[in-house]
Amino acid sequence: MVKKLALVIVSVFLITVLVSGCTSNSTSANKEPIRIGFIAGMSGPNAELGNGQKMAIELAVEQWNKKGGIDGRKIELIERDDHYNPTDTVNAANELINNYKVVAIVGPTGSGNAKALLPVVKAAGIPLMITNSMDNEFTNPVIPNVYRFAMPNWVQEQMAIDYALKNNMTRIAVINDTSGYGKPGGDEIVKMLKEKGITPVAREEYKPGDLDVTAQVLMIKNANPQILIIWGMAADAANIRKTMVANGLNIPMIGGNPLVMKSYRDIAGSAIGETITTYLDTYLRKPFRPEAIEFAKAWKEKYPDDKVFYGPGDEPWYYLNMPAQTYDAVNVLLTAIKNAKSTDSKKIIEELDKIRDYKGVTNKISFSPDDHDAQGPENNVYCYVTQDGVFELKMEK
């Protein structure tokens, strides 16, 4: 009888161990950290953006860990610099997934990097929280495990065209870089214009980093446009703007979010002229939302010497929105993991698709199986760019 009782006790113990092992995806199954991968261009041509992303994700993770993490498990951030190079993005992702077993990836910085990353995360099935990349293909059609917190290109493209037409400018020139960001953007703008019965008077392209764009600018000038729509990154756009002014092409230039970057203002200098863009209204319109105020306070406490994103004054300025996108992405992701009570990818994705009216810094964020965009046109406003900053441009209705 004693032997039989001993066998029963041992059997129950073994079953308990086996069941415990089978449920290791539960956030409460063990106290191992929850690993989140982060990839960004923290060096390279757009390090300004990558470092802003890095500062934001580190702030968010620090706040979660101060509160005990998720169900007693700390959040471990594994960071990789892809140097804004798509090949390095892929290598970093494979390392994070295969070696570190991250449950999700946040980033990267550029659209070309995100394009390279997509096949890797699709195969792995883990969530990808895109914070800066704006190409339309990332969320249209919806990819089940990909969520985007940057303003989609189609919103910015449509607003750029509308700006020209509202100001009776129908002689429109288009220039874009040949990257994974610029080329699709330029193509989409031309398509949108043609749908309105307008053919651009000129369409030019340049390679990222080209220092001499005189030929392209002269071709545009000879077409006698009223406005130039540009789709490319900040430094190149500034170089084009300076080349325009040097060659007597003093017309308005409008483009996407990269025109708000500090590097655009620094390089363009006095040639900045009439530069127009669009941007999220988070820190452009007052009163600021309570979540935006709270984030700005936390940012200032952690990064008291930052003048790039917080701005030079006592109040936050427009550019704090850029890292806020990453901050929102991390918080939404960790909220989904908490709600899932699991680090299983499918369960996290199920919870991400249930996010409704999450009070983020940038706006109220909602996802569904049919909509993985955190931002929309209702949050975007026109801006004019000066050497001193970026300010809302109020349009007549």
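Further up the page is the structure itself.
All figures in this text were calculated on a predicted structure; none of them were measured in a lab.

A. Structural context of the pattern of salt bridges. Summed over all chains, the structure comprises 18 salt bridges. In this structure, lysine 262 engages aspartate 266 in a salt bridge whose closest nitrogen and oxygen atoms are separated by 2.5 Å. Remark: aspartate 266 and lysine 262 occur in helix α9 (residues 262-268); sequence separation between them is four residues, near one turn of the helix. Notably, a salt bridge pairs arginine 285 with glutamate 392, separated by 2.8 Å at the nearest N-O pair. Here arginine 285 is found in the loop between β10 (275-280) and α10 (290-302), whereas its partner glutamate 392 is found in strand β14 (residues 389-392), with 107 residues between them in sequence. Take glutamate 392: its relative accessible area is 17%, and that puts it in the buried class. Salt bridges here are not isolated pairs; linked through shared partners, they connect Lys183, Asp187, Arg203 and Glu205.

B. Structural view of the packing of helix α11 (residues 321-340) against helix α12 (residues 345-352). Their axes nearest at 8 Å, the elements α11 and α12 cross at an angle of 115°. With respect to α12, the axis of α11 lies roughly perpendicular. For the pair α11 and α12, the sense of crossing is right-handed. On α12, the residues that touch Val332, Leu333, Ala336, Ile337, Asn339 and Ala340 of α11 are Lys347, Ile348, Glu351 and Leu352. Here the residues of the contact of α11 with α12 are counted per class, giving seven nonpolar, one polar and two charged.

C. The nonpolar core, seen in detail. Counting residues in each nonpolar core, the largest one holds 110 residues, and the members touching the most others are Ile36, Tyr264, Trp299 and Tyr319. A total of 10 residues in this core trace back to one element, the largest contributor, which is α11. Sequence-distant contacts of tryptophan 299, defined by excluding residues within four places in its chain, comprise Gly52, Met55, Ala56, Leu59, Asp306, Phe309, Tyr310, Leu320 and Pro323. Ile39, Ile97, Phe138 and Val146 belong to the second largest nonpolar core, which has 19 residues in total.

D. Representation of the environment of alanine 93 in the model. By the element assignment, alanine 93 lies in helix α3 (residues 86-98). Spatially, the C-alpha atom of alanine 93 lies 18 Å from that of isoleucine 143, the residues being 50 residues apart in sequence. Sequence-distant contacts of alanine 93, defined by excluding residues within four places in its chain, comprise Ile39, Ile105, Leu117 and Val120.

E. Layout of the sheet that holds strand β1 (residues 34-40). Spatially, β2-β1-β3-β4-β5 is the arrangement adopted by the five strands of the open sheet, whose pairing is parallel. In this open sheet, the two strands that pair with only one neighbour each are β2 (75-81) and β5 (146-148). Here the strands of the sheet are splayed against their neighbours by 20° on average, with no regard to which way each runs. By the bridge criterion, three bridges tie strand β4 (residues 128-130) to β5 in an arrangement that is parallel. Its bridge partner being in β5, leucine 128 is matched across the sheet by valine 146. The strands touched by helix α2 (residues 47-66) are β1, β2 and β3 (104-106); relative to β2, the strand with the most contacts, the crossing angle is about 170°.

F. Quick peek at the pairing of β14. Here strand β13 (residues 380-386) runs beside β14; their pairing, made up of four bridges, is antiparallel. Across the sheet, residue valine 385 finds its bridge partner in β14, namely valine 390. Hairpin connection of β13 to β14: two residues between the antiparallel strands.

G. Examining the environment of asparagine 145 more closely. In this structure, asparagine 145 sits in the loop between β4 and β5. Under the relative-accessibility criterion, asparagine 145 is labelled buried at 6%. When the C-alpha positions of asparagine 145 and glycine 44 are compared, they lie 28 Å apart, and in sequence the two are 101 residues distant.

H. Fine view of helix α8 (residues 234-246). Compared with the 18 Å implied by 1.5 Å per residue over 13 residues, the 18 Å span of α8 between its first and last C-alpha is a close match. Buried within α8 we find Ala234, Asp236, Ala237, Ala238, Asn239, Ile240, Arg241, Thr243 and Met244. Positive phi appears at glycine 248, one or two residues downstream of α8, with a value of about 75°.

I. Molecular detail of the sheet that holds strand β7 (residues 202-206). Spatial ordering of the open sheet is given by β7-β6-β8-β9-β10-β13-β14, a layout of seven strands whose pairing is mixed. Strands with a single pairing partner mark the edges of an open sheet, and in this sheet they are β7 and β14. Averaged over neighbouring strand pairs, the angle between their axes works out to 30° when direction is ignored.

J. Looking closely at the packing of helix α5 (residues 153-166) against helix α6 (residues 182-195). Direction vectors running N to C along α5 and α6 enclose 50°, while the axes themselves pass 10 Å from each other. With respect to their mutual orientation, α5 and α6 come out oblique. Between α5 and α6 lies a crossing whose hand is right-handed. Where α5 abuts α6, its residues Asn153, Trp154, Glu157, Gln158 and Ile161 lie against Gly185, Glu188, Ile189, Met192 and Leu193. Taken together, the residues of the contact of α5 with α6 break down into five nonpolar, three polar and two charged.

K. Quick look at empty space enclosed by the protein. Evaluated as defined, the whole model comprises one cavity of 30 Å³ or more. Taken as a whole, the largest cavity holds about 210 Å³ of empty space. Taken together, 19 residues form the lining of the largest cavity, with Leu49, Asn132, Met134, Asn257 and Pro258 sitting closest to its centre. Classifying every residue of the lining of the largest cavity by side-chain character gives 12 nonpolar, seven polar and no charged.

About the criteria used
Residues numbered from 1 in each chain as written. Predicted model: local features only at pLDDT ≥ 70, side-chain atom pairs only at ≥ 80, totals over all residues. Heavy atoms only, no water. Salt bridge = Lys/Arg side-chain N within 4 Å of Asp/Glu carboxyl O. Helix = DSSP H or I, 4+ residues; strand = E, 2+ residues; numbered from the N terminus. Buried < 20%, exposed > 50% of the residue type's maximum accessible area, 1.4 Å probe, protein only. Axes fitted to C-alpha atoms, helices over the stretch in contact; angles between N-to-C directions. Parallel < 35°, antiparallel > 145°, perpendicular 65-115°, else oblique. Left-handed = near helix turned anticlockwise from the far one by under 90°. Contact = heavy atoms within 4.5 Å. Nonpolar A, V, L, I, M, F, W, Y, C, P; charged D, E, K, R; others polar. Core = buried A, V, L, I, M, F, W, Y, C linked by side-chain atoms within 4.5 Å. Pairing = 2+ DSSP bridges. Expected span 1.5 Å × (residues − 1). 1 Å grid on protein atoms, 1.4 Å probe; cavity = no way out; pocket = protein on both sides within 12 Å on 5 of 7 lines; lining within 4 Å. Points joined across faces, edges and corners; volume = space filled by probe spheres on them.

Distances and angles like these do not, on their own, reveal function.
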